[in-house]
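# Architecture at a glance
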Amino acid sequence: MNALDVAISALKAIVILVAVIQVVPVMIYVERKVAALIQDRPGPNRVGPLGLLQPVADAVKFLFKEDPIPLNTNRLLYTLAPFLSLLPACLVIAALPIADKAVLFGKEITIQIADLDVSLIYVLAIGSLGVYGILFGGWASNNKFSLIGALRSASQMVSYELPLGLATVGAVMVYGTYSLREMVVLQDGTLGGFLPNWGIFYQPLGFLIFLISSFAETNRLPFDLPETEAELVAGFHTEYGSMKFATFFMAEYMNLSTMAGMMTVLFFGGWHLPWITDQQVLDWVGSQNLLCLIQVVTYISKVAVFLFLYVLIRWTLPRFRFDQLLHLAWTNLIPLGLINVAVSAVLMYLMRGPA
Amino acid sequence: MAELVPIAILLGISLLLCSGILLVTQILGPKNPVPAKLGTYECGVKPEGGAHIPFKSSFYLIAVLFLLFDVEAAFFLPWALVYKESLSEGPALLWAMLIYMGLMAVGLIYILRKKILRLT
């Protein structure tokens, strides 16, 4: 690896990280506008045209707020918690394959920060580290609301990690690889002539389990038990203010976009347009870089659809009770995940091609 | 090892970013600590007792169960990786995994029958 490669990696890392962080203000705006639409009120409309500058105003306000550390807190863990929450959210995006490759200065550049062989396991492993930030924050705040919120959050996140993992096992079986990039490459073309060759048509139940678990993993409604406003004030970040609070917020939205990206990659063909192979697009536009641009736009549109689904569900469904939430994971989703793996295995054996 | 270099770079950038935004607000924000602001928030009344109250042991059990089942589920991943290639060699791998899955299901049924998850 020479200096040019390192420079390219650094540039890719910065560009993709900044792009993912840009999801946060956009999502805050969309969330508030959709909430307003559903609750029949105008929503943010004072700052800038249509209130478009509202997230910027929020960010600036967060930066200029006082950042006190309450007495009676464990100062080290209290300061460390927002850090530990945002860091995994930043790291996990390294494995997401956004597009195939561009050719710049005579070099092929893959639009993915790190092309790991085990990127699926990397995402699952790093993604689950976020629970430490929440647990530390809740415990160190020395507040009953925070402690209960953190406990709920931890048990919810570990419970839903199992169905999430089992749903990805189904996808790994179908593709026969851990590499997210190779999975996307395998989803090119059509299935049976009339369907896109996407993972959801091989693993419909797996996708459903993954979708439900991703709501719980990111602490979103209907599973936002860690921060139920009505009963726990704000849950694990009750004692946090200023930018520390905003950091938890950013981590939540970045995890959301990672989950949406994972669903796109595992079940919805990643950067592929439906029914059209990469080769056809390449023949039409005639340039690898243009193809790469089309792939990036396709990927982002698919992620945006999932993010919008998260927002819609947040503002339409009521919240679960905590024991119902755990029951859903242990008595429904985990057995369903096991059944999904078993049925897929048997079906793959019965429908195996000639050796 | 070469494919880990970009992750190290990303780690460095993320560390800078995280510490940067947390430091900037320390510098920019006003500093006016008063006792009421630094107290524990409990709906505006004086906090009652310590915050690190005993909590239900079910939370601990869920953590232990997660550990067990996550290790069990982790064994699926290497199996899933080679399963597609092994299809031509007969159903040995399929049977092995179905038996293993049966054992896992017995454990799951046991903990559900024990009503460990009942939090009320």
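Throughout this document, residue positions are counted from 1 along each chain, in the order its sequence is written. Chain letters start at A and ligand numbers start at 1, both assigned in the order the entries are written. Whole-chain, interface and lining totals are the exception, using all residues; otherwise, since this is a predicted model, local features are given only for residues with pLDDT of at least 70 and side-chain atom pairs are given and counted only at 80 or more. The basis for every side-chain value is the complete set of non-hydrogen atoms in the structure, without hydrogens or water.

What follows is about the overall build of chain A. Labels follow the DSSP assignment, with helices taken as runs of H or I lasting at least four residues and strands as runs of E lasting at least two, numbered in each case from the N terminus. Tallying secondary structure elements over chain A gives 13 helices and 4 strands in all. Against the 2.2 N^0.38 benchmark of 20 Å for 355 residues, chain A shows a C-alpha radius of gyration of 21 Å, consistent with a compact globule. Viewed in the frame of its principal axes, chain A has a C-alpha envelope of about 65 × 50 × 50 Å. Counting over 355 residues, chain A shows a buried share of 59%. It only takes one pair of heavy atoms within 4.5 Å for two residues to be counted as in contact. Within chain A, residue pairs in contact and separated by at least 24 positions form 78% of the contacts whose partners lie at least 6 positions apart. All accessible areas in this document rest on Shrake-Rupley with a 1.4 Å probe, and a residue is counted as covered only by the protein chains that are shown. Here chain A has roughly 14200 Å² of accessible surface; of this, 70% comes from carbon and sulfur atoms. His is not counted here, nor are the chain ends, while Lys and Arg score as positive and Asp and Glu score as negative. Every charge is mapped to an atom, namely NZ of Lys, CZ of Arg, CG of Asp or CD of Glu. When the 20 basic and 23 acidic side-chain charges of chain A are each reduced to a single mean position, those positions are 7 Å apart. Two things to know: the radius of gyration comes from C-alpha atoms, and the globule rule equals 2.2 Å times the number of residues to the power 0.38. The rule is simple: take the accessible area with a 1.4 Å probe, protein chains only, and divide by the maximum for that residue type; under 20% is buried, over 50% is exposed, in between is partly exposed.

All names here are of chain A. Angles here are taken between N-to-C directions and fall from 0 to 180 degrees, while the axes themselves are lines fitted to C-alpha atoms, restricted in helices to the stretch in contact. Helix 10 (residues 242–267) packs onto helix 8 (residues 204–217) with a crossing angle of 170° between their chain directions and a minimal axis gap of 10 Å. By the criterion of interaxial angle, the relationship of helix 8 to helix 10 is roughly antiparallel. Contact with helix 8, carried on its side by Gly 206, Phe 207, Phe 210, Leu 211, Ser 214 and Glu 217, involves Met 259, Met 262, Met 263, Leu 266 and Phe 267 of helix 10 and no other residues of that element. Gly is put with the polar residues, along with every residue not named as nonpolar or charged; the nonpolar set is Ala, Val, Leu, Ile, Met, Phe, Trp, Tyr, Cys and Pro, and the charged set is Asp, Glu, Lys and Arg. Tallied by class, residues from the contact of helix 8 with helix 10 come to 8 nonpolar, 2 polar and 1 charged. Put simply, angles under 35 degrees are roughly parallel, angles over 145 are roughly antiparallel, angles from 65 to 115 are roughly perpendicular, and the rest are oblique.

Attention now moves to the pattern of salt bridges. Residues and elements named next belong to chain A. Within this document, salt bridges are pairs made up of a side-chain nitrogen of Lys or Arg and a carboxyl oxygen of Asp or Glu, the two lying within 4 Å of each other. Counting across every chain of the model gives 8 salt bridges over all chains. Among the ionic pairs, Arg 32 bridges to Asp 58, the shortest N-O distance being 3.3 Å. Taken as a pair, Arg 32 in helix 1 (residues 3–38) and Asp 58 in helix 2 (residues 54–63) lie far apart in primary sequence, 26 residues in all. Taking the shortest distance from any N to any O, the salt bridge between Asp 67 and Lys 244 comes out at 3.1 Å. Residue Asp 67 is located in the loop between helix 2 and helix 3 (75–91), and its partner Lys 244 is located in helix 10; the two are separated by 177 residues in the primary sequence. Here Lys 244 falls in the buried class, since its relative accessible area comes to 1%. By sharing partners, the salt bridges in this structure join Glu 31, Arg 220, Glu 252 and Arg 314 into a single network.

A few words now on a nonpolar patch on the surface. For patch detection, residues must exceed 30% relative accessible area and be free of salt bridges, and they are connected within 9 Å for like charges or within 5 Å for nonpolar side chains (Val, Leu, Ile, Met, Phe, Trp, Tyr). Together, Leu 53, Val 56, Val 60 and Phe 64 of chain A together with Leu 23, Val 24, Ile 27 and Leu 28 of chain B make up a nonpolar patch on the protein surface, roughly 720 Å² of accessible area in all. Sort the elements by how many residues they give to the nonpolar patch and helix 1 (residues 5–28) of chain B lands first, with 4 residues. Tracing the chain through its elements places Leu 53 of chain A in the loop between helix 1 and helix 2. Judged by its relative accessible area of 43%, Leu 53 of chain A is partly exposed.

This brings us to the domain arrangement of chain B. Parsing chain B into structural domains produces domain 1 (2–38) and domain 2 (58–113). Residue ranges assigned to the domains are those given by an automatic or database domain assignment. Placing the centre of domain 1 of chain B and that of domain 2 of chain B at their C-alpha centroids yields a distance of 40 Å.

Counting residues in each nonpolar core, the largest one holds 125 residues, and the members touching the most others are Leu 180 and Trp 330 of chain A together with Phe 76 of chain B. Among all residues touching Phe 76 of chain B, those that are not within four sequence positions of it are Leu 166, Val 169, Leu 338 and Val 341 of chain A together with Met 97, Tyr 100, Met 101 and Met 104 of chain B. Counting residues in hydrophobic clusters, the runner-up holds 13 residues, among them Tyr 78, Val 131, Ile 134 and Phe 236 of chain A. As used in this record, nonpolar core signifies buried Ala, Val, Leu, Ile, Met, Phe, Trp, Tyr and Cys residues forming a set joined through side-chain atoms within 4.5 Å.

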